[in-house]
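Okay, here's what each chain looks like letter by letter:
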Amino acid sequence: MTFRSLAILALLSTFSLIGREKLNVLFIISDDLTATALGCYGNTVCKTPNLDQLANEGTRFTRAYCQATICGPSRASLMFGYYPYASKASGYTSGRKEVGPDKDSWPQYFKRKGYHTSRISKVFHMGVPPDITKGSDGADDAESWNEAYNSKGPETKVSGLSEQLSNNPGGLKKGTGSSQSFNVVEAEGDDLIHSDGKTAQKAIELLHKYKEMEKPFFLAVGFVRPHVPLVAPKKYFDAYPLAEIVLPPKIPGDQNDIPQNPANRRTTDNYKMDLNQQKGTLRAYYASVSFVDALVGKILGALETTGQRDNTIVIFTSDHGYHLGEHDLWQKVSIHEESARVPLIICVPGKKTAVCHSLSELIDLYPTVSQLCGLKIPGNVQGKDISIMFDDPTVKVRDAALSSGKGRLLRTEKWALLDYGKKGELYDMEKDPKQYENLFEKPEYAETLVMLKEKLKAKLNEIEKHDLYLNK
Ligand SMILES: [Ca+2]
């Protein structure tokens with residue numbers, strides 16, 4: 001071999017190293033999954049061994065918050081890096097038309113920086129179940145991906161034991177239609193009949209393919225469970241006998257100091273659910289969560305067997321939380337803790353395992369993962385780089401987290417202010433982490449309330465002033 005060909009060979013291997021030296025990103029997002037349902041977040045009934053294992057290997061964030069307690073705006077926010085207030089993205093949108101064609105989404109930015117980006121199923125917003133039964137793109141952003149796949153599934157049209165566990169599915173006020181009722185199917189057959197089963201299978205196929213690829217990958221995998229309808233293979237239901245299901249405690253008068261407004265109307269009373277229906281809903285939700293957990297396990301297994309675990313950042317989260325009967329509330333939209341807090345587990349190669357109690361927001365993912373992958377953080381994104389927390393989980397980057405639904409949540413370490421304009425809720429999260437005693441109208445907390453309202457106002461002003469079209 002001549003000196004020249006040796007030099008070319010060395011140059012080529014350097015180039016291929018540049019590609020593979022960058023960490024890959026495996027981003028897994030579940031739909032409507034509350035942290036309280038996971039074993040690693042303290043649930044003693046719901047079985048989530050694979051996610052518990054991931055938490056043991058990575059950093060588990062205990063105070064991570066979504067920016068909106070509804071699918072569409074939450075996903076638009078985390079995927080484009082803007083608060084819902086700034087982008088005005090709400091409803092059935094990816095966020096693209098609101099932020100404009102010249103802004104990169106999180107994966108699009110990685111794509112422009114040399115990553116191969118791919119999507120499987122619901123990452124940007126999709127209607128569940130309509131977009132799933134059609135196998136359509138939903139409100140996807142095509143510019144973000146090199147390749148994208150939808151996972152068509154039968155949802156409630158599958159054979160199996162079918163039940164409707166809310167007696168008044170369409171009877172709530174506007175905005176809570178039948179797609180949000182508790183339809184349950186204990187499905188016959190295996191995982192692969194379902195949309196999520198197909199999603200995991202496609203993810204495994206791509207991980208095998210990417211093993212040989214020059215470029216690093218950004219693979220986004222979206223599961224649609226435990227979003228309703230609560231359809232999953234029967235074997236996951238069998239793990240939860242109805243008699244073993246325990247509802248959250250029912251405290252007399254618990255609903256009395258919660259303002260009646262659109263944020264808080266998804267109640268047991270409004271859904272007209274008896275005790276067995278409430279337990280049945282919880283059981284079906286747990287079955288759906290265990291289904292997702294098993295599929296996550298399969299994907300992580302493929303990451304391991306293809307030898308890519310050590311050079312891939314793994315992220316697991318959800319678009320928002322969910323109520324499972326706390327305060328007799330169900331579903332999302334509420335800005336109480338169970339609905340606004342999200343599970344967030346991030347496993348970064350080479351970093352120690354940790355539990356991080358510092359406040360963080362889903363909008364922080366875009367800048368943080370950019371930083372971890374050695375990419376300059378775009379100046380226009382509104383989240384914060386929290387990558388330092390992987391070296392020291394006690395570091396605090398934020399003094400408050402902000403979320404929104406039909407109202408706004410300002411969450412500091414000690415306080416939760418749920419602001420609905422004139423009315424509101426105030427909780428001392430150190431003394432009352434389950435949010436039973438609303439202090440909003442108590443005179444002795446008037447000063448605290450003023451302090452928190454000013455903090456919220458300052459935060460919102462800061463977001464409004466942040467010009468979307470500067471600093472790119
Ligand atoms: Ca959702």
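Predicted model only: the values in this text are computed from it and were never measured.

(A) Inspection of the overall build of the chain at higher detail. Within the chain one finds 14 helices and 18 strands. Counting only residues that meet the buried cut, the chain has 51% of its 472 residues in that class. If you take every contact in the chain between residues at least 6 apart in sequence, the share linking residues at least 24 apart comes to 72%.

(B) Broad picture of the environment of glycine 307. Within the secondary structure layout, glycine 307 lies in the loop between α11 (275-305) and β9 (312-318). For glycine 307 and lysine 442, which are 135 residues apart along the polypeptide, the C-alpha to C-alpha distance reads 58 Å.

(C) Quick look at the sheet that holds strand β15 (residues 401-405). In spatial order, the strands read β15-β16-β17-β18; together these 4 strands make up an open sheet with antiparallel pairing. Of all the strands in the sheet, just β15 and β18 (424-428) have a single pairing partner and so form its edges. Ignoring strand direction, the axes of neighbouring strands in this sheet form an average angle of 10 degrees. Strands in contact with helix α14 (residues 446-465) are β15, β16 (407-411), β17 (415-419) and β18; relative to β17, the strand with the most contacts, it is inclined by about 70 degrees.

(D) Geometry of helix α8 (residues 195-210). The end-to-end C-alpha distance of α8, which contains 16 residues, comes to 22 Å, matching closely the 22 Å that a straight helix rising 1.5 Å per residue would cover. Considered for burial, the residues of α8 that qualify are Ser195, Asp196, Gly197, Lys198, Thr199, Ala200, Ala203, Leu206, Leu207 and Tyr210. Summarising the contacts, the buried residues of α8 are in contact with β3 (116-121), α7 (130-134), β7 (217-222) and α11.

(E) Looking closely at unusual backbone geometry. For the peptide bond that leads from valine 128 to proline 129, omega is 10 degrees, which places it in the cis range. With respect to the secondary-structure elements, proline 129 resides in the loop between β3 and α7. Residues valine 228 and proline 229 are joined by a peptide bond in cis, for which omega reads 0 degrees. Considering the arrangement of structural elements, one finds proline 229 in the loop between β7 and β8 (230-233). One non-glycine residue, aspartate 32, lies in positive phi territory at about 65 degrees. Its place among the elements puts aspartate 32 in the loop between β1 (24-30) and α2 (49-57).

(F) Layout of the packing of α8 against α11. Closest axis-to-axis distance for the α8/α11 pair is 9 Å, and the angle between their directions is 10 degrees. It follows from the interaxial angle that α8 and α11 lie roughly parallel. Judged by residue contacts, Asp196, Gly197, Ala200, Ala203, Ile204, Leu207 and His208 of α8 engage Phe291, Val292, Leu295, Lys298, Ile299, Ala302 and Leu303 from α11. For the contact of α8 with α11, the residue count by class is 10 nonpolar, 2 polar and 2 charged.

Calculation criteria
Residues numbered from 1 in each chain as written. Predicted model: local features only at pLDDT ≥ 70, side-chain atom pairs only at ≥ 80, totals over all residues. Helix = DSSP H or I, 4+ residues; strand = E, 2+ residues; numbered from the N terminus. Buried ≥ 20, exposed ≤ 12 C-beta atoms within 10 Å, placed from the backbone. Contact = placed C-beta atoms within 7 Å. Pairing = 2+ DSSP bridges. Axes fitted to C-alpha atoms, helices over the stretch in contact; angles between N-to-C directions. Expected span 1.5 Å × (residues − 1). Parallel < 35°, antiparallel > 145°, perpendicular 65-115°, else oblique. Nonpolar A, V, L, I, M, F, W, Y, C, P; charged D, E, K, R; others polar.

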